[in-house]
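The residues making up each chain are set out below.
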Amino acid sequence: MTVEQFIIALCLILLCGKVLGSLFERLQLPAVVGEILAGLLLGPTLLNVVTPDATLAVLAELGVILLLFSIGCETSIKRLSQAGPRAAAVATLGIALPIIVIGLSSVYLVTDSHFTAIYLGCALTATSIGISLRVLGQTQQSQTEVGNVILGAAVIDDIAGVILLSLLFNFASFGEFDLNSSLILTAKVLLFLIFTPPLTRGLLYLARALKPLADKSGYEVIITMVLICLFSWLAHLFGAPALLGGFAVGLALSRQFTSPLNRYLVNPFPFTHKMELSTQALVDVFAPIFFVYVGIRLDLSQLDFSSGGITLLIFLSILAILTKLAAGLFGGPKWQTKAVVGSAMIPRGEVGLVFAELGYQMGIIDSKLFTELVVIIAITTLIGPMLLKWSIRQHISAEKQEQRA
């Protein structure tokens, strides 16, 4: 892609994403759905004026990293840990059901290869953390108890997705599962998540101390981006999704950050709050690029439009939705809470697309299966936010009725 092509592509992505996102918000629908449809409009499916490109993919990845940073800034480690057992139960069920149900269905309906069938099931395990949490943020539910359950489950989902991908990659490459390397990967990811927030917090005190008194050069936003990029790179180095690096830095900036050293160190809230505010404009610019790019990557012209092909696609999409919706059974005591948690688990996104791409490159799935898998991911990405918005309304209504009673 030339510089001129990149500039006009970025112009169209930002413009169409903003226009359709705002339109969907006016219609009381999640903005993210409008942004994904903007990608469908611009991409190969309809106008074909913007095509998938490595440069745009990097911008999209940066967008979701910044989005997770923003979410981390508002997250309490204490509340997140309190939601841990329930989040783990939701994540476990949300991982097991797609592998079993979609894997078995694929053996009978899609492919003769058991490994390919398992791969399809695994590809639909990981929830798109960015999509659901953005809807929660727009409805002021991201810092509630149910929001923490969803966040915890989505983080576990993402980590499990990376580990599953590693296992399947090893098997496809060497014909056997390497248990030792998978256990080492799991340990590295967990250690990264445990030690990154306090380490980042220490660097924040250092950055504050080194700030020139009369500095007006955007010191805070530069330091924030340096930390986000550094720890996203370290997350990738540790074998974790890069977006977890952005999330960990956000946790360190959070006003609700807690550690044993808090009693000895004054909370640098004025400095960290300024860092968060100065970075918000970057989040607002780059986060929509990710969602528009999801739509651009879809090419619906490659689908099998025969009655049998469409029926199979709809059936697998329904299974993909129901197996995640069922994960909400552990989300809370009331059906409204269960519906919110289950709906938030439905959208697949970046990890699912990585599964699809790697499986296609390695010959595990052919071009037809690749397109069908990406379309199923897209369907869940479109249906999930709309169902989540509806279930949140039911949840809020039930809470208001309780308060009146």
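1. Let's talk about the packing of aromatic side chains
In the structure shown here, the tally under the stated rule is five aromatic pairs. Centroid distance F115 to Y119: 6.5 Å. Interplanar angle 50°. Geometry classified as tilted. Placement of the pair is F115 and Y119 together in helix α6 (residues 114–123), with a separation of four residues, close to one helical turn. The residues F115 and Y119 share a single accessibility class, namely buried.

2. Some thoughts on the layout of surface pockets
Each pocket or cavity is described by its volume, and for the second largest pocket that value is around 520 Å³. At the level of secondary structure, the elements contributing two or more residues to the lining of the second largest pocket comprise α1 (3–26), α2 (31–42), α3 (54–73), α7 (129–138) and α12 (269–296). Here the lining of the second largest pocket takes seven residues from α1, the largest share from any one element. Across the lining of the second largest pocket, the residue classes break down as ten nonpolar, nine polar and six charged.

3. Looking at the state of the cysteines
The full count for this structure, using the stated rule, is zero disulfides. The thiol sulfur of C11 is not disulfide-bonded, and the nearest other cysteine sulfur, from C16, lies at 8.4 Å. Under the relative-accessibility criterion, C11 is labelled partly exposed at 41%. What makes C16 buried here is its relative accessible area of 16%.

4. What to know about a nonpolar patch on the surface
On the surface, I100, L104, Y108, L109 and F315 cluster together into a nonpolar patch covering about 570 Å² of accessible area. Examining the composition of the nonpolar patch, we find that four residues originate from one element, helix α5 (residues 84–109), more than from any other. Within the fold, L109 resides in helix α5. Using a relative accessible area of 47% as the deciding quantity, one classes L109 as partly exposed.

5. Side note on the pattern of salt bridges
Evaluated as defined, the whole model comprises two salt bridges. With a shortest N-O distance of 2.4 Å, K211 and E220 are connected by a salt bridge. A relative accessible area of 22% means that K211 is categorised as partly exposed. Among the residues examined, E220 registers a relative accessible area of 6% and is labelled buried. The shortest N-O distance in the salt bridge between K274 and E220 comes to 3.8 Å. With a gap of 54 residues between them, K274 in helix α12 and E220 in helix α10 (residues 219–237) connect regions that are remote in the sequence.

How each quantity is defined
Residues numbered from 1 in each chain as written. Predicted model: local features only at pLDDT ≥ 70, side-chain atom pairs only at ≥ 80, totals over all residues. Heavy atoms only, no water. Phe/Tyr/Trp six-rings, centres within 6.5 Å; stacked < 30°, edge-to-face > 60°. Helix = DSSP H or I, 4+ residues; strand = E, 2+ residues; numbered from the N terminus. Buried < 20%, exposed > 50% of the residue type's maximum accessible area, 1.4 Å probe, protein only. 1 Å grid on protein atoms, 1.4 Å probe; cavity = no way out; pocket = protein on both sides within 12 Å on 5 of 7 lines; lining within 4 Å. Points joined across faces, edges and corners; volume = space filled by probe spheres on them. Nonpolar A, V, L, I, M, F, W, Y, C, P; charged D, E, K, R; others polar. Disulfide = S-S within 2.5 Å. Patch = residues over 30% accessible without salt bridge, like charges linked within 9 Å, V, L, I, M, F, W, Y side chains within 5 Å. Areas by Shrake-Rupley, 256 points an atom, 1.4 Å probe, with all protein chains shown as cover. Salt bridge = Lys/Arg side-chain N within 4 Å of Asp/Glu carboxyl O.

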